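# What the coordinates show
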Amino acid sequence: PMPHFNSELFRHEVINIVGQIPRGRVLTYGQIARLAGHPLHARHVGNALHGLSDEAIPCHRVVNSEGRLAPNWPEQRQLLESEGVLFKPNGNVDLKQAQWEITAFSEP
C-alpha cells in the first residue's frame with residue numbers, strides 16, 4: 001500500500017533530494033517523487049519547488065522525463081550550461097549524459 005501523502009513532509013523530502021544533486025547532473029520530477037516515497041506524485045515535485053528562493057537548493061537541476069526545462073524560466077538553461085550539461089538539438093537536456101545515476105540517498 002502507498003504511504004499516506006503528507007504534503008509538508010513530501011516537500012521537505014523533495015528539497016533534501018534536490019539539494020544533493022551534484023553540479024552538472026539532473027534528476028527528473030518522477031525520479032525525485034520515487035526517491036521521496038511517492039512515485040505517482042511527480043507533479044507535486046514541481047509544486048514543492050515552485051517559489052523556493054533558497055539559492056542553496058539547485059532547482060535548475062530538475063527536468064521532466066524527456067529532459068525538457070521548466071516553462072517560463074530562461075535562466076535554467078544558462079545555469080545548466082554553466083555546469084557543463086549538454087543539450088540535444090531539440091533543446092532538451094541530454095539525459096544519457098547528464099542524468100544523475102543515484103545509487104544511495106542520505107538523510108540530512
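Before reading on, note that the structure itself is shown above.
The following paragraphs examine the structure supplied in this document.

### Observations concerning the overall build of the protein
Secondary structure assignment for the protein yields five helices and two strands. When the elements of the protein are put in sequence order from the N terminus, they spell out α-β-α-α-β-α-α. Here the protein has a C-alpha radius of gyration of 13 Å; the compact-globule value for 108 residues is 13 Å, and the two agree. Looking at the protein as a whole, 38% of its 108 residues qualify as buried. Expressed as a percentage of contacts within the protein between residues at least 6 apart in sequence, the contacts between residues at least 24 apart total 63%. Accessible surface for the protein amounts to roughly 6700 Å². Of this, 51% is attributable to carbon and sulfur atoms.

### Side note on the packing of helix α1 (residues 7–18) against helix α3 (residues 42–49)
At a closest axis distance of 9 Å, the pairing of α1 and α3 adopts a crossing angle of 80°. With respect to α3, the element α1 is oriented roughly perpendicular. Each of Phe-10, Arg-11, Val-14 and Val-18 in α1 lies in contact with α3, whose residues at this interface are His-44, Val-45, Ala-48 and Leu-49.

### Notes on the layout of surface pockets
Of the voids in this model, the largest pocket is the one considered here, and its volume is about 340 Å³. Every residue lining the largest pocket is counted, 14 residues in all, and those nearest its centre are Gly-46, Leu-49, His-50, Ala-70 and Trp-73. No other element matches α3, which puts four residues into the lining of the largest pocket. A per-class count over the lining of the largest pocket returns eight nonpolar, five polar and one charged. By volume, the second largest pocket amounts to about 170 Å³. Lining the second largest pocket are Leu-52, Ser-53, Asp-54, Glu-55, Ile-57, Pro-58, Cys-59, His-60, Trp-73 and Leu-79. Considering only residue class, the lining of the second largest pocket consists of six nonpolar, two polar and two charged.

Here is what the cut-offs are and how they apply
Residues numbered from 1 in each chain as written. Predicted model: local features only at pLDDT ≥ 70, side-chain atom pairs only at ≥ 80, totals over all residues. Heavy atoms only, no water. Helix = DSSP H or I, 4+ residues; strand = E, 2+ residues; numbered from the N terminus. Rg over C-alpha atoms; globule rule 2.2 N^0.38 Å. Buried < 20%, exposed > 50% of the residue type's maximum accessible area, 1.4 Å probe, protein only. Contact = heavy atoms within 4.5 Å. Areas by Shrake-Rupley, 256 points an atom, 1.4 Å probe, with all protein chains shown as cover. Axes fitted to C-alpha atoms, helices over the stretch in contact; angles between N-to-C directions. Parallel < 35°, antiparallel > 145°, perpendicular 65-115°, else oblique. 1 Å grid on protein atoms, 1.4 Å probe; cavity = no way out; pocket = protein on both sides within 12 Å on 5 of 7 lines; lining within 4 Å. Points joined across faces, edges and corners; volume = space filled by probe spheres on them. Nonpolar A, V, L, I, M, F, W, Y, C, P; charged D, E, K, R; others polar.

Interpretation note: all reported values are geometric properties and have no functional meaning in isolation.
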